[in-house]
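Fold and geometry: a report
One-letter residues, chain by chain:
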Amino acid sequence: METLFKDFRYGVRTLMRRPGFTAVAIIALALGIGANTAIFGVINAVLLKPLPFSDPDRLIRVYQTNKNRGIIQGSASYPDFVDWRDQNHVFERMAAFHDSNHILTGGDDAVRLESAVVSADLFALLGATPMLGRTFLPEEDKPGDSGQVVILSHGLWQRQFNSDPNILGRSITLDGVNFSVVGVMPDGFKFPISNDPVELWTTFAVESQGEDPLTAQRGAHYLRVIARLKPDVSLSQAQSEMETIASRLEQQYPDDNSNRGAYVVGALEDLVGDVRLALWILLGTVVCVLLIACANVANLLLARATTRYKEMAIRAALGASRMRVVRQLLTESVTLALAGGVLGLLVALWATDLLVALSGDDLPRATQIKLDGGVLLFTLGVSVLTGIIFGLVPAIQASRPDLSESLKEGGRSSTEGGRRNLIRSMLVVFEVAIAIVLLAGAGLLIESLRRLQNINPGFNSKNVLTLRMGLPDVKYTTEKQVAFYRDLLDRVNVLPGVAQASAVLPLPLSGDRMRISFEIEGRPMAKGDLPTAEFRTIGLDYFQTMGIPLVKGRDFTARDDRKSPRVMIVNSAFAEKYFPGEDPIGKHIRPSISFDEDEPPMREIVGVVGNVRHLRLEAAEEAEYYAPHAHVPFDSMAIVVKSENDPRGLVSAIQQEVRAIDKDLPVFDIRMLDDYVAGAVAQPRFNTLLLSIFAGLALVLTAVGLYGVMSYAVAQRTHEIGIRMALGAQASDVLKLVVGQGMILTLIGVAIGLVAAFALTRLMSSLLYGVSATD
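Residues numbered from 1 in each chain as written. Predicted model: local features only at pLDDT ≥ 70, side-chain atom pairs only at ≥ 80, totals over all residues. Heavy atoms only, no water.

Topic: the overall build of the protein chain
Regarding its fold elements, the protein chain presents 22 helices and 22 strands. Dimensions of the protein chain, computed from C-alpha atoms along their principal axes, come out at roughly 105 × 60 × 55 Å. The buried share among the 775 residues of the protein chain stands at 51%. Considering only contacts within the protein chain whose residues lie at least 6 apart along the sequence, 80% involve residues at least 24 apart. Carbon and sulfur atoms make up 57% of the accessible area of the protein chain, which amounts to about 34900 Å² in all. Taking the 75 positively charged and 83 negatively charged side chains of the protein chain as two groups, their mean positions are separated by 12 Å. (Helix = DSSP H or I, 4+ residues; strand = E, 2+ residues; numbered from the N terminus. Buried < 20%, exposed > 50% of the residue type's maximum accessible area, 1.4 Å probe, protein only. Contact = heavy atoms within 4.5 Å. Areas by Shrake-Rupley, 256 points an atom, 1.4 Å probe, with all protein chains shown as cover. Lys, Arg positive; Asp, Glu negative; His and termini not counted. Charge placed at Lys NZ, Arg CZ, Asp CG, Glu CD.)

Written out as structure tokens, the structure reads:
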């Protein structure tokens with residue numbers, strides 16, 4: 001240990017005697033190590049850390065599939081969930097949940113709260129214990145007064161109830177209904193895991209009221225299901241059992257469960273989804289950047305070794321073993337790498353904050369990203385390994401001194417040993433090859449992003465303001481919902497600066513969707529085999545507000561009210577798919593969604609509009625159909641307001657109009673429609689930006705490395721160049737000689753890099769749009 005400490009002190013003194021060399025090496029290493037630390041910090045938080053629940057490896061997600069339509073991860077109905085839960089033998093527990101929201105009243109202002117409706121045993125399944133009170137009881141899943149209970153998040157308890165220790169048993173009003181508080185969850189508990197925190201939880205008793213409650217409809221698929229495997233059960237066994245149960249239900253309920261199966265997947269794998277591949281590719285990218293930095297420093301050390309060759313020869317002559325010399329030189333290189341690692345941590349701190357900011361809401365578990373002990377240990381390991389990688393070859397070269405050769409090279413100072421020259425040239429070729437691979441990948445992503453951003457979404461998002469509203473069912477009947485939105489839009493449309501206003505559900509590119517099955521007149525089919533399409537309910541003048549063209553027929557008008565015949569408008573993709581070669585105007589369809597007591601047998605198609613990319617810009621245009629809000633009313637709608645100028649100044653006026661109708665209704669999620677369009681390319685933009693930055697860094701480091709090799713080669717050949725010019729060589733001849741040598745190394749590296757890029761870019765095929773991996 002004492003000898004190692006002496007080597008360390010000597011190495012520090014040696015490095016300090018060459019501050020220029022030391023600074024360049026440390027900066028190069030800091031960039032590579034810092035980038036690796038930042039990306040590993042993201043991967044550690046998103047992919048490697050277990051979910052923050054008890055025995056997270058046994059948590060799985062269960063989906064209902066549709067074998068006919070190729071839907072793998074579909075939602076389940078409540079009756080199907082109950083059958084899954086009661087008939088399986090592979091799970092300790094199974095729970096269901098879905099996102100919701102509530103309006104909390106009773107204070108100075110009404111507050112909209114993100115919430116989740118969950119089955120009673122969800123918290124027991126997760127192994128989560130409340131900070132105050134208890135979790136739900138089984139009987140609280142059923143209709144009745146005992147089911148009107150709520151559990152609060154720690155943040156909501158602090159913010160809205162001033163951390164009241166006597167909160168248990170207190171009655172609070174949600175959507176006009178009184179709920180009793182039975183528990184408060186601890187700080188940091190979050191489920192579902194999302195970037196939008198859930199602030200309270202209620203049970204399915206809320207949805208089990210009335211004559212035909214949602215929980216009794218086997219055709220209503222809206223639930224997400226989570227389960228905990230028994231200790232001795234594998235994922236494949238669970239998959240087999242769930243397929244058996246699904247087949248049994250298909251035979252038992254052919255109308256609702258025809259062609260429906262089940263699919264199980266680990267909860268963590270389900271959460272990270274497509275992000276996994278992109279993050280591993282980014283990690284591979286920064287590893288390549290670090291390897292280029294290592295090659296640069298190795299070249300510097302090889303060049304520096306020539307100035308220490310006599311020192312190593314004298315050490316050997318005085319009895320130092322080859323291993324002793326190697327250890328001394330490796331100690332110096334590791335010291336250099338550790339210094340780069342310390343500076344790299346500062347780079348990583350800045351880069352991590354930048355990564356989280358750039359990722360927006362598309363990176364799962366983003367709030368958990370931090371440089372913790374595991375990441376610091378990774379940085380230490382990378383620093384030591386880096387020091388060994390770039391220091392090993394120069395150390396081995398310097399540990400084999402030959403006194404006569406040393407004296408000969410000393411006299412022939414213009415010539416470097418052929419072997420060292422070959423190694424340095426190979427390192428440059430290696431750098432160029434890696435840079436070419438990264439540049440090719442970045443180029444593909446840039447072209448893919450360019451094509452993605454040039455996609456016409458089917459609507460005009462310029463100067464369109466969006467805001468959301470929700471009406472409590474207890475206070476607003478179907479008729480009152482229609483009247484409220486009609487009144488509100490009438491008020492907003494006459495505000496100064498408003499060109500046009502309307503309403504829609506779901507809003508394009510918001511991530512929400514309603515896929516509803518329907519029947520076509522004259523084409524009888526079994527209920528389970530009915531076709532499906534994306535469904536929208538809209539207010540008057542919606543297509544004009546959004547700039548969606550009317551292709552054929554007519555738009556909805558004020559005459560399409562609650563008393564008028566039921567009508568529909570379809571998009572061009574719907575018309576082409578279901579009425580090929582026919583005029584869809586006048587045809588009749590019956591959606592499997594209705595808010596009418598006396599449902600007409602069919603709804604007439606009165607118009608055709610242009611296609612809109614509602615889900616993702618890169619997705620194919622899907623069949624969609626629209627109904628006027630008066631015919632299919634929803635309590636929750638998105639208001640869209642078009643203005644000739646920036647409409648954000650209209651927010652206050654719109655809120656005043658809402659309060660004039662109902663002071664207890666909050667307006668929330670106020671955003672520009674352009675933000676939704678930008679969000680649709682946020683993940684591709686994030687991937688492209690990072691890979692481009694790292695590829696650019698690799699290119700700069702490679703150029704620096706090439707310059708270093710050629711500069712050193714020229715310096716070593718100064719005597720030779722002088723003789724050439726004395727014998728008649730022109731400056732242009734010398735320039736051709738030097739540049740030619742650099743170009744040979746570059747072209748070899750380019751050739752190798754292109755071959756590698758052709759093979760490796762195929763790994764990123766799923767990240768590309770409109771461009772092949774070998775373009």
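Moving on, there is more to tell.
Quick notes on unusual backbone geometry
Put simply, F191 and P192 share a cis peptide bond, and its omega is -5°. Position of P192 relative to the elements: it lies in the loop between β8 (177-184) and β9 (200-203). Cis geometry is adopted by the peptide bond preceding P506, which originates at L505 and carries an omega value of -5°. Position of P506 among the secondary structure elements: in the loop between β13 (498-505) and β14 (515-520).

Some points on the pairing of strand β3 (residues 91-105)
Two elements, β3 and strand β10 (residues 224-229), share six bridges in a ladder whose sense is antiparallel. Bridge pairing links F91 to L229 in β10. Linking β3 back to strand β4 (residues 111-118) in an antiparallel pair, the connection comprises five residues, with G106 at a positive phi of about 115°. Pairing between β3 and strand β7 (residues 171-174): two bridges, direction antiparallel. Note that in β7 the partner of L104 across the bridge is L174. (Pairing = 2+ DSSP bridges.)

Things to note about the packing of helix α15 (residues 478-493) against helix α18 (residues 651-661)
Two elements in contact, α15 and α18, have axes separated by 10 Å at closest approach and are oriented at 140°. Our classification of the angle between α15 and α18 gives oblique. Crossing angle aside, the handedness with which α15 passes α18 is right-handed. In contact with F484, D487, L488, R491 and V492 of α15, α18 contributes I654, E657, V658, A660 and I661. Grouping the amino acids of the contact of α15 with α18 by side-chain chemistry returns seven nonpolar, no polar and three charged. (Axes fitted to C-alpha atoms, helices over the stretch in contact; angles between N-to-C directions. Parallel < 35°, antiparallel > 145°, perpendicular 65-115°, else oblique. Left-handed = near helix turned anticlockwise from the far one by under 90°. Nonpolar A, V, L, I, M, F, W, Y, C, P; charged D, E, K, R; others polar.)

Considerations on a nonpolar patch on the surface
A cluster of nonpolar side chains, namely W350, L354, L358, L689 and I693, defines an oily patch on the protein surface of about 450 Å² accessible area. Listing elements by their share of the nonpolar patch, those giving two or more residues are α11 (322-359) and α20 (682-716). In terms of residue count, the dominant contributor to the nonpolar patch is α11 (three residues). Relative accessible area serves as the criterion here: at 58%, W350 is assigned to the exposed category. (Patch = residues over 30% accessible without salt bridge, like charges linked within 9 Å, V, L, I, M, F, W, Y side chains within 5 Å. Salt bridge = Lys/Arg side-chain N within 4 Å of Asp/Glu carboxyl O.)

Focus: the side chain of E431
With respect to the element layout, E431 can be found in helix α14 (residues 418-453). Ignoring sequence-local partners within four residues, the contact set of E431 consists of I292, A295, N296, N299, L701, T702 and G705.

Description of the packing of aromatic side chains
Applying the stated rule across the entire model yields 21 aromatic pairs. Put simply, the rings of F53, F97, F123, F136, F189, F191 and W201 touch in pairs and so form one group of aromatic residues. Directly above the aromatic system of Y676 lies the positively charged group of R671, at a separation of 4.0 Å from the ring centroid. (Phe/Tyr/Trp six-rings, centres within 6.5 Å; stacked < 30°, edge-to-face > 60°. Lys NZ or Arg CZ within 6 Å of the ring centre and 35° of its normal.)

Focus: the environment of I226
With respect to the helices and strands, the residue I226 is situated in strand β10. A residue is classified by how much of its surface remains accessible, and I226, at 3% relative accessible area, is buried. When the C-alpha atoms of I226 and L125 are compared, they prove to be 8.7 Å apart, with 101 residues separating the residues in sequence.

Some thoughts on the confidence of the model for the protein chain
For the protein chain, per-residue confidence averages 86 on the pLDDT scale, and 90% of positions sit at 70 or higher. Between residues 409-416, whose pLDDT stays under 50, and residues either more than four places distant or in other chains, the model counts 13 contacts. (pLDDT = per-residue confidence, 0-100.)

Section: the packing of α20 against helix α22 (residues 731-760)
At their nearest, the axes of α20 and α22 sit 11 Å apart, and the two run at 145° to each other. When the axes of α20 and α22 are compared, the crossing they make is right-handed. Within the contact between the two elements, α20 uses L706, M710, A713 and V714 and α22 uses V738, Q741, G742, L745 and T746. For the contact of α20 with α22, the per-class residue count stands at six nonpolar, three polar and no charged.

A short note on the nonpolar core
Looking at soluble globular proteins, one finds that nonpolar side chains tend to be buried together. Counting residues in each nonpolar core, the largest one holds 48 residues, and the members touching the most others are M469, F535, F574, I589, Y625 and V641. Among the elements that make up this core, the one with the highest residue count is α15 (five residues). Judged by nonpolar contacts, the second largest core, of 44 residues, contains V42, A366, I369 and I434. (Core = buried A, V, L, I, M, F, W, Y, C linked by side-chain atoms within 4.5 Å.)

Re the pattern of salt bridges
The tally for this structure, following the rule as stated, stands at 34 salt bridges. The salt bridge partner of R58 is E92, with a shortest N-O separation of 3.1 Å. On the criterion of sequence distance, the pair formed by R58 in the loop between α2 (19-48) and β1 (59-66) and E92 in strand β3 is long-range, its members being 34 residues apart. Exposure remark for R58: the relative accessible area of 18% places this residue in the buried category. In this structure, E624 engages R536 in a salt bridge whose closest nitrogen and oxygen atoms are separated by 3.9 Å. Here the residue E624 occupies a position in strand β20 (residues 624-628), and R536 occupies one in strand β15 (residues 532-538), the gap between them amounting to 88 residues. A residue is classified by how much of its surface remains accessible, and R536, at 0% relative accessible area, is buried. Look at the salt bridges and you will find they share partners, linking R513, R515, E534, R536, E622 and E624 into a network.

As for helix α6 (residues 235-252)
When the terminal C-alpha atoms of α6 are compared, their 26 Å separation across 18 residues agrees well with the 26 Å that a helix rising 1.5 Å per residue should span. For α6, the elements touching its buried residues are β1, α3 (78-87), β3, β10, α7 (254-257) and β11 (260-266). (Expected span 1.5 Å × (residues − 1).)

Some remarks on the side chain of R536
Side-chain polar atoms of R536 contact the backbone oxygen of P506, separated by 3.2 Å. Not counting chain neighbours up to four residues away, the residues in contact with R536 comprise L505, P506, D512, H614, E624, Y625, Y626 and A627. (Polar contact = N/O pair within 3.5 Å; in protein donor to acceptor, adjacent residues only side chain to side chain.)

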